[in-house]
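Structural description and commentary
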Amino acid sequence: QVQLVESGGGLVQAGGSLRLSCAASGSIFRPNAMGWYRQAPGKQRELVAIIVSDGSTNYANSVKGRFTIARDNPKNTVYLQMNSLKPEDTAVYYCNGLDWDGISYWGKGTLVTVSA
């Protein structure tokens, strides 16, 4: 049973920073890719950032230059450093892990609220 547990969300003022963490646990979980998605009220879930096993990354245009994704492979943990936060970054942030069989796992989400 694979579990992804996010932490690090909260309330921050515009221009501030937050660091999200996602720890993956499970008897056998060797993710191919891990990423962060977010869903704002009334909107569809969207990709924020993803990091693949070879270390390559991809970001949504809206967060490029402000957010950085990183992973600690031995710990099966992925991080999202969010700087220069904007009110439009307010959303529930979800961690996603994709294993080599194409199975996708999701965390329960952590709320990030950015006040103006």
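Quick caveat: nothing in here was measured; it's all calculated off a predicted structure.

Attention now goes to the nonpolar core. With 28 residues, the main nonpolar core has Trp36, Leu80, Met82 and Tyr93 as its most contacted residues. Broken down by element, the residue count for this core peaks at four residues, all from strand β3 (residues 18–25). Leave out the neighbours within four places in its chain, and Leu80 touches Leu18, Arg19, Leu20, Trp36, Val48, Ala49, Phe67, Thr68, Ile69 and Tyr93.

Moving on: the pattern of salt bridges. Two side chains that carry opposite charge are able to pair once their charged atoms sit near each other. Enumeration over the complete set of coordinates arrives at three salt bridges. Across the salt bridge formed by Arg38 and Glu46, the nearest N and O atoms sit 2.7 Å from each other. Here Arg38 falls in the buried class, since its relative accessible area comes to 6%. Relative accessible area serves as the criterion here: at 35%, Glu46 is assigned to the partly exposed category. Here Arg66 and Asp89 are joined by a salt bridge, their closest N and O atoms 2.8 Å apart. Separated by 23 residues along the polypeptide, Arg66 in the loop between β6 (57–59) and β7 (67–72) and Asp89 in the loop between β8 (77–82) and β9 (91–99) bring together distant segments of the chain. Several salt bridges converge on common partners, so that one network encompasses Arg38, Glu46, Arg66 and Asp89.

Another aspect to go through is the environment of Gly8. Topologically, Gly8 is positioned in the loop between β1 (3–7) and β2 (10–13). For the pair Gly8 and Cys22, spaced 14 residues apart in sequence, the C-alpha separation works out to 8.9 Å. Setting aside chain neighbours within four positions, we find Gly8 in contact with Leu18, Arg19, Leu20 and Thr110.

A separate point is the environment of Gly65. Along the chain, Gly65 turns up in the loop between β6 and β7. Along the sequence, Gly65 and Ser84 sit 19 residues apart, while their C-alpha atoms lie 9.3 Å from each other.

Each value, and the rule that gives it
- Residues numbered from 1 in each chain as written.
- Predicted model: local features only at pLDDT ≥ 70, side-chain atom pairs only at ≥ 80, totals over all residues.
- Heavy atoms only, no water.
- Core = buried A, V, L, I, M, F, W, Y, C linked by side-chain atoms within 4.5 Å.
- Buried < 20%, exposed > 50% of the residue type's maximum accessible area, 1.4 Å probe, protein only.
- Helix = DSSP H or I, 4+ residues; strand = E, 2+ residues; numbered from the N terminus.
- Contact = heavy atoms within 4.5 Å.
- Salt bridge = Lys/Arg side-chain N within 4 Å of Asp/Glu carboxyl O.

Note that all results are geometric; they support no functional claim without further evidence.
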